[in-house]
Amino acid sequence: MRDVLIATLLYSILFVVLTTPVIYPIGGWSVETLQKLHRLVSEVVFWAATFYICASATYGAFARQDRFGLSHNYPLLNRILSLLLVLSPFLAVFLNVRFVFLLLGLLLFSHLKSKTDDERQVDFSKSRAFSNMILIPLFTLALMLMNNNGYYVTSILDFNSPTDTVITEVADAS
């Protein structure tokens, strides 16, 4: 549950930042400068929480390989899911942040489907499955709020890049 608490704290900071309007100049800074700073702070906090989720889930991804409970009936599907589970944190950071959904979903599936004897003794409200069930809507809310503010995050490689595209029409010269 520690990862949920840390992600919740970071996303709470993000929610406060994103719900604070930047419409007036403050302290000699123009509105445009404050909006750029607002975007930068929003993305830093969003990516810090996302990195934390991916980092904490990466250990779980390596530890939970081949734990989908499908190895007897569907061994190929089990291997594909294991490979996706291991690759998804890296895909989320470098390709598209929406792979976090795949990461958390596969971890949740593996925790619910295949439990060890020690995991069966843990109360559900303190289990990793419950943590993943909380992180999925929390991440969804953060991503929705970022997109609602016009900060369309995709990968860390596109960090703080402008997403507004200008569409120009070419007038007919005839």
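Computed from a prediction, not measured in an experiment: that's the story for all the values here.

Asks: Sorry if this is basic, but what is going on with the pattern of salt bridges here?
Replies: Where charged atoms from two side chains of opposite charge come close, those side chains can pair. Applying the stated criterion to the full structure yields one salt bridge. Here Glu43 and Arg39 are joined by a salt bridge, their closest N and O atoms 3.2 Å apart. Of this pair, Glu43 and Arg39 are both found in helix α2 (residues 31-63), four residues apart, which corresponds to roughly one turn of the helix. Overall, the relative accessible area of 2% leaves Glu43 in the buried class.

Asks: Mind showing me how you'd approach the side chain of Thr58 here?
Replies: In this structure, Thr58 sits in helix α2. Judged by relative accessible area, which is 16%, Thr58 ranks as buried. Among the polar contacts listed, one links the side chain of Thr58 to the backbone oxygen of Cys54, at a separation of 2.5 Å. Contacts of Thr58, omitting those with residues within four sequence positions, involve Pro89 and Phe90.

Asks: Would you take a moment to explain the nonpolar core for this structure?
Replies: Ranked by size, the top nonpolar core spans 34 residues in total, and within it Tyr11, Leu14, Phe46, Val97 and Val100 carry the most contacts. The element that contributes the greatest number of residues to this core is α2, accounting for eight residues. If near-sequence neighbours (up to four positions away) are discounted, Leu14 is found in contact with Ser42, Val45, Phe46, Ala142 and Met146.

What counts and what doesn't
Residues numbered from 1 in each chain as written. Predicted model: local features only at pLDDT ≥ 70, side-chain atom pairs only at ≥ 80, totals over all residues. Heavy atoms only, no water. Salt bridge = Lys/Arg side-chain N within 4 Å of Asp/Glu carboxyl O. Helix = DSSP H or I, 4+ residues; strand = E, 2+ residues; numbered from the N terminus. Buried < 20%, exposed > 50% of the residue type's maximum accessible area, 1.4 Å probe, protein only. Polar contact = N/O pair within 3.5 Å; in protein donor to acceptor, adjacent residues only side chain to side chain. Contact = heavy atoms within 4.5 Å. Core = buried A, V, L, I, M, F, W, Y, C linked by side-chain atoms within 4.5 Å.

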